Amino acid sequence: MIANPCIIIADDHPLFRTALSNTLQHELNQPQLIEAEDFSSLQQRVEANPNAHLILLDLHMPGAEGFSALVFLTAHYPQIPVMIVSAHEEPDIIHRAMDHGASGFLPKSAPVDTMRAALLTVLGGQIWLPEGLADQSAAGEEELNIAEALASLTPQQFRVASMVSQGLLNKQIAYELNVTEATIKAHMTEIFKKLGVHSRTQAAVAIGQLAVHPTQSLEEFRKQASQLSV
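Being a predicted model, the structure only gives us computed values, none of them experimental.

Chemist: Explain the overall build of the chain to me, please; I cannot follow it from the model alone.
Modeler: Each helix and strand in the chain was counted, giving eleven helices and five strands. The C-alpha extent of the chain, read off along each of the three principal axes, is 50 × 35 × 30 Å. Per-residue burial for the chain yields a buried fraction of 49% across its 230 residues. Only carbon and sulfur atoms are counted for the fraction: they give 49% of the accessible area of the chain, which is about 10,800 Å². Across the chain, the 13 positively charged side chains and the 25 negatively charged ones have centroids separated by 11 Å.

Below, the structure is given as structure tokens:
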């Protein structure tokens with residue numbers, strides 16, 4: 001067992017983060033626990049702790065679409081294993097997480113003994129899946145291509161792309177990131193190029209493929225994007 005493992009807990013529910021922290025303190029050897037409540041804070045925590053031993057990531061992180069946070073982490077911090085901890089237990093969602101680079105998938109309903117086994121397995125450099133699940137692919141070719149394109153974005157471009165998918169205007173994104181609108185437009189040009197798209201609508205549709213349940217219609221994306229300016 002790793003002594004004093006550094007673990008980043010990324011979940012938007014403070015009560016769950018507290019419960020998970022208490023469990024980790026009890027089950028592991030004096031872990032250093034770092035919490036993040038949204039994608040922005042997660043980026044900051046990982047940048048400050050690039051030698052962390054493990055990231056425990058919820059699939060519903062404010063500021064990121066579904067599996068996109070996982071795609072970002074595995075692309076920019078491949079040295080840190082990421083275990084998804086989620087209330088979703090559908091096999092196809094678990095398999096998609098593994099397709100996008102997760103080192104494990106732990107249902108939030110798992111008992112403490114299972115959680116401990118999963119953590120020790122991943123901290124030991126191995127893959128962990130719920131009992132009875134084989135490691136098989138579930139993500140389609142289009143989804144994997146989009147994930148590869150997203151992985152090529154710089155951290156700042158990724159944040160801009162995520163904000164675009166949430167419906168923010170350029171001036172709103174510029175305000176949030178404390179940069180000029182001209183800078184955001186420059187980022188947008190690179191984002192379009194890397195994603196192989198030509199509009200905000202197409203960018204939103206592409207990123208939406210990484211949603212946990214990608215059921216939002218193209219018409220809804222177009223309606224949202226029609227209100228935005230490039």
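There is more to say after this.
Chemist: What is the right way to read the packing of aromatic side chains from this model?
Modeler: How two aromatic rings sit relative to each other is set out by the distance from centre to centre and by the angle between their planes. Throughout the structure, instances matching the rule amount to four aromatic pairs. Summarising the aromatic geometry, the rings of phenylalanine 39 and phenylalanine 158 are spaced 5.3 Å apart at their centres and angled 40° between planes, so their arrangement reads as tilted. Here phenylalanine 158 lies in helix α7 (residues 155-165) and phenylalanine 39 lies in helix α2 (residues 39-48), a separation of 119 residues in the sequence. For the pair phenylalanine 39 and phenylalanine 158, a shared accessibility class is recorded, and that class is buried. Considering the side-chain rings of phenylalanine 72 and phenylalanine 158, the 5.0 Å spacing of their centres and the 50° angle between planes classify their relative orientation as tilted. With phenylalanine 72 in helix α3 (residues 68-76) and phenylalanine 158 in helix α7, this residue pair connects regions lying 86 residues apart in the sequence. For phenylalanine 158, a relative accessible area of 1% gives the class buried.

Chemist: How should the nonpolar core be read in this particular structure?
Modeler: Across soluble globular proteins, you tend to see nonpolar side chains buried next to one another. Ranked by internal contacts, the top residues of the largest apolar core, which has 56 residues, are Leu42, Ile55, Leu57, Leu73 and Leu150. Those residues in contact with leucine 150 that lie beyond four places of it in its chain are Ser68, Val71, Phe158, Leu195, Ile207 and Leu210. Core analysis: the second largest hydrophobic core is formed by 17 residues, Leu56, Met83, Leu106 and Leu123 among them.

Chemist: I'm lost on the environment of lysine 185 in this one. Help?
Modeler: Among the structural elements, lysine 185 can be located in helix α9 (residues 181-195). In this structure lysine 185 comes out as partly exposed when scored by relative accessible area, which is 44%. On a C-alpha basis, the gap between lysine 185 and glycine 66 in space is 25 Å, while along the polypeptide they are 119 residues apart.

Chemist: I keep staring at unusual backbone geometry and nothing clicks. Help me out?
Modeler: Across the chain, the bulk of peptide bonds are trans and the bulk of non-glycine residues have phi less than zero. A positive phi angle is found at asparagine 4, which is not glycine, with a value near 50°. Looking at the element boundaries, asparagine 4 is found in the segment before β1 (6-10). Note on asparagine 4: relative accessible area 40%, which makes it partly exposed.

Chemist: Is there a simple way to explain the layout of surface pockets in this structure?
Modeler: Gaps left between atoms show up when a probe the size of a water molecule is rolled over them. In this structure, the largest pocket occupies an estimated 160 Å³ of space. If you go around the largest pocket, the residues you meet are Asp38, Phe39, Ser40, Pro62, Gly63, Arg159, Ser162, Met163, Gln166, Leu168 and Glu176. Where the lining of the largest pocket is concerned, the elements lending two or more residues are α2 and α7. Residue contributions to the lining of the largest pocket peak at three residues, all from α7.

Chemist: What is the right way to look at the sheet that holds strand β4 (residues 82-86) in this model?
Modeler: By way of backbone hydrogen bonds, the strands of a sheet pair with one another, either parallel or antiparallel. As summarised here, the arrangement of the five strands in space is β2-β1-β3-β4-β5, forming an open sheet in which the pairing is parallel. For this open sheet the edge positions go to β2 (32-36) and β5 (104-107), each flanked by a neighbour on one side alone. Neighbour to neighbour, the strand axes of the sheet diverge by 20° on average, direction disregarded. Packed on one face of the sheet, helix α1 (residues 14-27) meets β1, β2, β3 (54-57) and β4 and runs near 170° to β2. Packing of α3 onto the sheet brings it into contact with β3 and β4, and relative to β3 it is tilted by some 170°.

Rules behind the numbers
Residues numbered from 1 in each chain as written. Predicted model: local features only at pLDDT ≥ 70, side-chain atom pairs only at ≥ 80, totals over all residues. Heavy atoms only, no water. Helix = DSSP H or I, 4+ residues; strand = E, 2+ residues; numbered from the N terminus. Buried < 20%, exposed > 50% of the residue type's maximum accessible area, 1.4 Å probe, protein only. Areas by Shrake-Rupley, 256 points an atom, 1.4 Å probe, with all protein chains shown as cover. Lys, Arg positive; Asp, Glu negative; His and termini not counted. Charge placed at Lys NZ, Arg CZ, Asp CG, Glu CD. Phe/Tyr/Trp six-rings, centres within 6.5 Å; stacked < 30°, edge-to-face > 60°. Core = buried A, V, L, I, M, F, W, Y, C linked by side-chain atoms within 4.5 Å. Contact = heavy atoms within 4.5 Å. 1 Å grid on protein atoms, 1.4 Å probe; cavity = no way out; pocket = protein on both sides within 12 Å on 5 of 7 lines; lining within 4 Å. Points joined across faces, edges and corners; volume = space filled by probe spheres on them. Pairing = 2+ DSSP bridges. Axes fitted to C-alpha atoms, helices over the stretch in contact; angles between N-to-C directions.

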